[in-house]
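Below are the chains, spelled out letter by letter.
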Amino acid sequence: ASARRKVSVSMHPTAAAAYSAPPLPPRLGEGGFGTVFSCKLDGRDAVAKQIGKARLGAKDLPLLQNEVRLWAQLDHPNCVKFFGVSFDPTEFYYLLCEYMPGGSLFDRHNALRSQATLPRPQTPQMLIEMRQIAGAMDHSHSKKILHRDLKSANVLVAEDGRLVVADFGLVRYCRECWRVEPHIP
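Residues numbered from 1 in each chain as written. Predicted model: local features only at pLDDT ≥ 70, side-chain atom pairs only at ≥ 80, totals over all residues. Heavy atoms only, no water.

Let's talk about the side chain of Asn 154
With respect to the helices, strands and loops of the structure, Asn 154 is situated in the loop between β7 (145-146) and β8 (155-157). In this structure Asn 154 comes out as buried when scored by relative accessible area, which is 6%. (Helix = DSSP H or I, 4+ residues; strand = E, 2+ residues; numbered from the N terminus. Buried < 20%, exposed > 50% of the residue type's maximum accessible area, 1.4 Å probe, protein only.)

Description of the side chain of Gln 132
Considering the arrangement of structural elements, one finds Gln 132 in helix α4 (residues 123-142). For Gln 132, the contacting residues outside a window of four places in its chain are Asn 78, Arg 162 and Leu 163. (Contact = heavy atoms within 4.5 Å.)

Structural notes on unusual backbone geometry
Peptide bonds are trans in most cases, and residues, glycine excluded, mostly fall at negative phi. Of note in the backbone geometry, Lys 144 takes a positive phi value of approximately 60 degrees without being a glycine. Looking at the element boundaries, Lys 144 is found in the loop between α4 and β7. Among the residues examined, Lys 144 registers a relative accessible area of 32% and is labelled partly exposed.

Description of the nonpolar core
Among the nonpolar cores identified, the biggest contains 29 residues, and Leu 64, Trp 71, Val 80, Leu 95 and Phe 168 are the most heavily contacted of them. Sort the elements by how many residues they give to this core and helix α2 (residues 60-71) lands first, with 4 residues. Not counting residues within four places of it along the chain, the set of residues in contact with Leu 95 comprises Val 47, Ala 48, Lys 49, Ile 51, Leu 64, Glu 67, Val 68, Trp 71, Phe 82, Gly 84 and Val 85. (Core = buried A, V, L, I, M, F, W, Y, C linked by side-chain atoms within 4.5 Å.)

Quick notes on the pairing of strand β2 (residues 27-30)
Pairing of β2 with strand β3 (residues 34-41), which is carried by 3 bridges, proceeds in the antiparallel orientation. Looking at β3, one finds that Gly 29 is bridged to Val 36. Between β2 and β3, which pair antiparallel in sequence order, lie 3 residues. (Pairing = 2+ DSSP bridges.)

Given below as structure tokens:
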């Protein structure tokens, strides 16, 4: 028998009024399927992506199931760790994962662009960061999993400064992707 984890996720404000639950914690962001909130999981900071069942069309539920199934297979220091799914009695799903307090690489780039003089890129640091992202992609590709949405907004910064690939909503399993066909002129 597996041990049950303690998950603390507040409900949507309209549902909170009906259930007398505390209001949602600060919103961290929003995506195509839902809103991202901070939460606690086993006493540590985590993230809960709130997805309203009503927002999911007939084609969307299989995409969500695919995301969960494939994301759960990834275990790499440069991939956001998937903790599980929580089902709320108010018609929401919550995808639970580790919290990355440093924001996104996109946010970092925008902050740099707003400076009067841009700092010179530091080649050794850039190489380290490129290897981190490449390592995450290599890990997912070794499992025949394609991210399909790699961009600076989906690369987050961990507390220790490492880069971590996130947002596996468009992920796909590709059974035949790496089959090499002989070239015949």
